[in-house]
Amino acid sequence: MITVQDLHMHFGGIRAVDGASLTIGNGAITGLIGPNGAGKTTLFNVIAGLHRPTSGHVYLDGEEITGLQPHELFAKGVLRTFQIAHEFSTMTVRENLMTVPGGQAGERLLNVWLRPGKIRAEEAALRARADEVIAFLNLDAVAEERAGNLSGGQKKLVELGRTMMAEPRVVLLDEVGAGVNRTLLKEIAGAILRLNLHRGYTFCIIEHNMELISLLCDPVIVMVEGTVLTEGSAPVVQSDERVIEAYLGSGSVTRQGRTS
């Protein structure tokens, strides 16, 4: 689904991504792991259009998408979530979901006066769709709660629900387990698996929780110093001495211009 070829992202003398090449398979849940500073989040930001790469290429199903803006990638079905959820805190959970689809009739001021019936019908359909997502994610009890009042795990579920409202092809999840208690983490993991198995969503997940990676991901890609060190199943990767060294090493800068 996603192919990254010889990608470089430099910030002055810092080579955050330094020749990374990888693929995110169609219909797979791919894990992306590595020590802090390995370049994982920067790689996500490049794929998702937040950074234009210094050099290299990104393809979606063979179509080059290098340097496209986030809204352009959104239209193509490439969505990215963040380690810290970006909810509309004063809006309810349902309203957060209903804002996602683009091109809504109510976004045009003239339609408010000239086509109110169209707006009402569209909003009713969006509400029904949002309620389906809320039920799928077991968020019924907080559907009318302001999103800013939710726990960290519930906010992650809402963010996952927002991606569902866009019917994505590829979802880039950045540390979905960060700050989430074990009970809600199981719910999030279960939702990801259901979306993958029953709706065909393709996921790539940055995560430090190896238990979660082992449960969800195959393959697992390991990044170190801005490039790909190795790739394989979770048990194979976790037993690789190079991976162990990358995680348990000194964490110092090992080559000029590269971050540890």
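Refer to the structure above for everything that follows.
Residues numbered from 1 in each chain as written. Predicted model: local features only at pLDDT ≥ 70, side-chain atom pairs only at ≥ 80, totals over all residues. Heavy atoms only, no water.

A. Structural view of unusual backbone geometry. The omega torsion of the bond from Asp218 to Pro219 falls at 10°, within 30 degrees of zero and hence cis. Within the secondary structure, Pro219 is located in the loop between helix 8 (210–216) and strand 9 (220–224). A positive phi angle is found at Glu167, which is not glycine, with a value near 50°. Relative to the elements of secondary structure, Glu167 occurs in the loop between helix 6 (152–165) and strand 7 (170–174). Although it is not a glycine, Glu225 adopts a positive phi angle of roughly 55°. Position of Glu225 relative to the elements: it lies in the loop between strand 9 and strand 10 (227–232). (Helix = DSSP H or I, 4+ residues; strand = E, 2+ residues; numbered from the N terminus.)

B. Geometry of the packing of aromatic side chains. Inspection of every chain in the model, using the stated rule, returns one aromatic pair. A centroid spacing of 6.2 Å and a plane angle of 40° characterise the contact between Tyr201 and Phe203, whose relative ring orientation is tilted. On the basis of relative accessible area, Tyr201 is assigned to the buried category, the value being 2%. Owing to a relative accessible area of 0%, Phe203 belongs among the buried residues under this scheme. When the ring centre of Phe136 is taken as origin, the NZ or CZ atom of Arg194, which lies over that ring, is 4.5 Å away. Over the ring of Phe136 we find Arg199, and its NZ or CZ is 4.7 Å from the ring centre. (Phe/Tyr/Trp six-rings, centres within 6.5 Å; stacked < 30°, edge-to-face > 60°. Buried < 20%, exposed > 50% of the residue type's maximum accessible area, 1.4 Å probe, protein only. Lys NZ or Arg CZ within 6 Å of the ring centre and 35° of its normal.)

C. Highlighting a nonpolar patch on the surface. The grouping of Ile244, Tyr247 and Leu248 at the surface amounts to a nonpolar patch, some 300 Å² of accessible area in total. Its location among the elements puts Ile244 in helix 10 (residues 241–248). (Patch = residues over 30% accessible without salt bridge, like charges linked within 9 Å, V, L, I, M, F, W, Y side chains within 5 Å. Areas by Shrake-Rupley, 256 points an atom, 1.4 Å probe, with all protein chains shown as cover. Salt bridge = Lys/Arg side-chain N within 4 Å of Asp/Glu carboxyl O.)

D. Looking closely at the pattern of salt bridges. Counted by the stated rule, this structure contains eleven salt bridges. Of the charged contacts, one joins Asp18 and Arg15 as a salt bridge, the two residues approaching to 3.5 Å between their closest N and O atoms. Look at Arg15 and you get partly exposed, because its relative accessible area is 27%. With a closest N to O distance of 2.4 Å, Asp61 and Arg169 form a salt bridge. Of the two residues, Asp61 sits in the loop between strand 4 (55–60) and strand 5 (63–64) while Arg169 sits in the loop between helix 6 and strand 7, which places them 108 residues apart along the sequence. Where salt bridges share partners, they join Arg94, Asp131 and Glu144 into one cluster.

E. A look at the sheet that holds strand 4. Pairing within the open sheet is antiparallel, and its four strands lie in the order 2-1-4-5. Where the open sheet ends on each side, the last strands, each with one partner, are strand 2 (14–24) and strand 5. Of the pairings in the sheet, the one linking strand 4 to strand 5 comprises two bridges and is antiparallel in character. By the bridge assignment for strand 5, Tyr59 is matched with Glu64. Helix-sheet contacts for helix 1 (residues 40–47) involve strand 1 (2–11), strand 2 and strand 4, and the interaxial angle to strand 1 is about 115°. (Pairing = 2+ DSSP bridges. Contact = heavy atoms within 4.5 Å. Axes fitted to C-alpha atoms, helices over the stretch in contact; angles between N-to-C directions.)

F. Highlighting the sheet that holds strand 6 (residues 78–80). Reading across from one edge, 6-7-8-3-9-10 is the order of the six strands in this open sheet, with mixed pairing throughout. Strand pairing shows two members of the sheet lacking a second neighbour, strand 6 and strand 10, which therefore form its edges. Each adjacent strand pair in this sheet contributes to an overall mean axis angle of 20°, direction not counted. Here strand 3 (residues 29–33) pairs with strand 9 via three bridges, running parallel. Within strand 9, the residue paired with Ile33 across the bridge is Val222. Of the strands in this sheet, strand 3, strand 9 and strand 10 are in contact with helix 10, which crosses strand 10 at around 130°.

G. Expanded view of the packing of helix 6 against helix 7 (residues 182–199). Interhelical geometry of helix 6 versus helix 7 gives an angle of 15° and a closest axis separation of 9 Å. By the angle between their directions, the pair helix 6 and helix 7 is classed as roughly parallel. Classified by chirality, the crossing of helix 7 by helix 6 is left-handed. In this structure, helix 6 contributes Gly153, Gln154, Lys156, Leu157, Leu160 and Met164 to the contact, and helix 7 contributes Leu184, Glu187, Ile188, Ala191, Ile192, Leu195 and Arg199. Of the residues assigned to the contact of helix 6 with helix 7, the class counts are eight nonpolar, two polar and three charged. (Parallel < 35°, antiparallel > 145°, perpendicular 65-115°, else oblique. Left-handed = near helix turned anticlockwise from the far one by under 90°. Nonpolar A, V, L, I, M, F, W, Y, C, P; charged D, E, K, R; others polar.)

H. Region of the structure containing the pairing of strand 4. The alternating pattern of strand 4 places Gly56, Val58 and Leu60 on a buried face and Ser55, His57 and Tyr59 on a face that is not buried. By the bridge criterion, five bridges tie strand 1 to strand 4 in an arrangement that is antiparallel. By the bridge assignment, His8 is partnered in strand 4 with Ser55. Between the end of strand 4 and the start of strand 5, which pair antiparallel, lie two residues, with Asp61 showing a positive phi angle near 50°.

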